[in-house]
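# Topology and contacts: notes
Next come the chains, spelled out residue by residue.
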Amino acid sequence: MHIHYDKSRQFYYVKHYTAAGTVRRTKLEGVTTEEEAQAMVDAMQLKELEFAAKFRQTERGKPLQKTLARILQKMVHSDPAPSGDALIRAFADHLTNVRRFVPSTVQNMCYTVGQFATWLKEMKGIQLTPTSWTLKHASEWINEGLLPGQDPSMVGGKTIRFYQVRRITLVRFEQWLVEQGWKAEAQVKSARVMVREIMPENRYQPKRPLATEEQVADIVARLPDFCRPEEWLPMRAIALLGWHCGMAAADILNLTHQEIRKKPGCIVYLRSKTSHHDKSPFITVRPPADLLEDLLAIPERLPIDHQDKTLRLRGGESPFLWPEYEREGDRNRMLTRFNLMLDKMGHPQLTTYSLRRAFATRTALNLGIVEAQRQLGHTTPTTTLSYIEQPEFA
């Protein structure tokens, strides 16, 4: 919820999004200052969390995240939207330079969008533009030749993965169009497409235990014996920033030199998952002093892939602390090695996720769920609720 002030009528109000995607304005009655408005909004969010906690205990709790989701909309983009191959090239540029996907992933996703564009032109006589296709077109193409309840292997030997790739790619493509302001809302992402009906039911495993302070100290002390010398500092940062600050491991490996502030002694960053949302604020965390000194001492280095266009524009230097983990695939491989290292150390039940959940639980108990949501960078309080491992929040 965002707090706004109507100067002409002189009252505070909040804007929020309903499950149907419509914008709703709620006046804050009896509020005269911004502090009182913030207190009232916090109370409203806590009431929503109480509803969420009760809702999770019912049989209808499964679609809770979908019911409470906010569909974010952006203002219309000032530049005209491209079409056809130009639109796909712009999407590829976004995946490469903003999302920093590996080239093979970019190629596969753009190929899938190209297939959708070809299908639109041949079957519907429509050129691919942000607004030329609808949810009906997307659903028909995703489930092409597939009947409700039919085994995918009976349609030309295709597997369910074939239909999942189509849907996931189109969801990401449509989400990018919404972020650019070229499409009003994300229909494919919010709608129930037929392929979901044939997917196997999710089977959730028990959550891993929370990390303890003694386990984190043991991990940091034994790191030099279990990792390569060049991996010691990033792995130490993952352990300490995850435990002390609740930072996600991918955000740690994605840190830049500009986000490390020496004078205040803090790190100011945007979450990689939610930085495209208008309401996602900058997150300020204070790491341990010795770790902050080590991060500040990292010199700016030449990137690994110095032929990349975006890196050439930076004058030959990378803004990232660790350019070798700039690509998403490289970050994932690093996190896999970190989790395997925990197994060798004798902590097989711990992962990077255990560190973040431990911070979420401590913060919620000491400062409240609203503050935990802010520090973790979650867009909805429901997500924060799922991180907390305490009976009173179940």
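Residues numbered from 1 in each chain as written. Predicted model: local features only at pLDDT ≥ 70, side-chain atom pairs only at ≥ 80, totals over all residues. Heavy atoms only, no water.

## A short note on the pairing of strand β5 (residues 266–269)
Both faces of β5 are covered, namely the face carrying Cys266 and Val268 and the face carrying Ile267 and Tyr269. Where strand β4 (residues 260–261) meets β5, two bridges bridge the pair, whose relative direction is antiparallel. Its bridge partner lying in β5, Arg261 is registered against Cys266. Where β4 hands over to β5, the hairpin turn is made up of four residues, of which Gly265 adopts a positive phi near 70°. Taken together, the three bridges between β5 and strand β6 (residues 283–285) define a ladder with antiparallel strand orientation. Within β6, the residue paired with Ile267 across the bridge is Val285. (Buried < 20%, exposed > 50% of the residue type's maximum accessible area, 1.4 Å probe, protein only. Helix = DSSP H or I, 4+ residues; strand = E, 2+ residues; numbered from the N terminus. Pairing = 2+ DSSP bridges.)

## Quick look at helix α8 (residues 213–226)
The first and last C-alpha atoms of α8 sit 20 Å apart over 14 residues, in line with the 20 Å expected at 1.5 Å per residue. At Val220, α8 shows its maximal bend, which comes to roughly 35°, and the proline Pro224 appears one to four places after that position. Along α8, the residues that are buried comprise Val216, Ile219, Val220 and Leu223. (Expected span 1.5 Å × (residues − 1). Bend = angle between axes of the 7 residues up to and from the residue.)

## Considering the pattern of salt bridges
Overall, the coordinates contain eight salt bridges when judged by the stated rule. Of the charged contacts in the structure, one is a salt bridge between Glu231 and Arg337, with a shortest N-O distance of 2.9 Å. Within this pair, whereas Glu231 is found in the loop between α8 and α9 (232–244), its partner Arg337 is found in helix α13 (residues 328–345), the two being separated by 106 residues in sequence. According to the relative accessible area criterion, Glu231 is buried, its value standing at 4%. In this structure Arg337 comes out as partly exposed when scored by relative accessible area, which is 29%. A salt bridge links Arg333 to Asp330; the shortest N-O distance between them is 2.4 Å. Of the two residues, Arg333 and Asp330 are both situated in helix α13; the distance of three residues between them amounts to about one turn of the helix. Arg333 sits in the partly exposed class, given a relative accessible area of 47%. Residue Asp330 is classed as partly exposed on the basis of its relative accessible area of 24%. The network of salt bridges with common partners includes Arg228, Glu231 and Arg337. (Salt bridge = Lys/Arg side-chain N within 4 Å of Asp/Glu carboxyl O.)

## Some remarks on the packing of α9 against α13
Where α9 contacts α13, the two axes come as close as 11 Å, and the packing angle between them is 75°. On the basis of the axis angle, α9 is roughly perpendicular to α13. For the pair α9 and α13, contact is made by Pro234, Met235, Ile238 and Ala239 and by Met334, Leu335, Arg337, Phe338 and Met341, respectively. Residue composition of the contact of α9 with α13, by class: eight nonpolar, no polar and one charged. (Axes fitted to C-alpha atoms, helices over the stretch in contact; angles between N-to-C directions. Parallel < 35°, antiparallel > 145°, perpendicular 65-115°, else oblique. Contact = heavy atoms within 4.5 Å. Nonpolar A, V, L, I, M, F, W, Y, C, P; charged D, E, K, R; others polar.)

## Observations concerning the nonpolar core
Of all hydrophobic cores here, the largest spans 41 residues; its most connected members are Leu241, Met247, Leu255, Ile267, Leu295, Trp322 and Met341. Of all the secondary structure elements, the ones that give two or more residues to this core are α8, α9, α10 (249–253), β5, β6, α11 (289–296), α13 and α14 (352–367). Of all the elements, α9 adds the most residues to this core, at eight residues. The residues touching Met247, leaving out its near neighbours within four places in the chain, are Leu241, Gly242, Ile252, Leu255, Tyr269, Val285 and Arg356. Membership of the second largest hydrophobic core comes to 26 residues, among which are Val113, Ala117, Trp119 and Ile142. (Core = buried A, V, L, I, M, F, W, Y, C linked by side-chain atoms within 4.5 Å.)

## Quick word on the confidence of the model for the protein
For the protein, per-residue confidence averages 75 on the pLDDT scale, and residues scoring 70 or more make up 71% of the total. Mean pLDDT across the elements of the protein ranges from a minimum in helix α2 (residues 64–68), with 39, to a maximum in α9, with 93. In the predicted structure, residues 55–78 sits below a pLDDT of 50 and forms 48 contacts with residues beyond four places in sequence or in another chain. Taken as a whole, residues 306–315 scores under 50 in pLDDT and shows 13 contacts with residues more than four places along the chain or in a different chain. (pLDDT = per-residue confidence, 0-100.)

## Notes on the side chain of Asp251
Mapped onto the secondary structure, Asp251 falls in helix α10. When neighbours within four sequence positions are excluded, Asp251 is seen to be in contact with Tyr269, Arg271 and Ser272.

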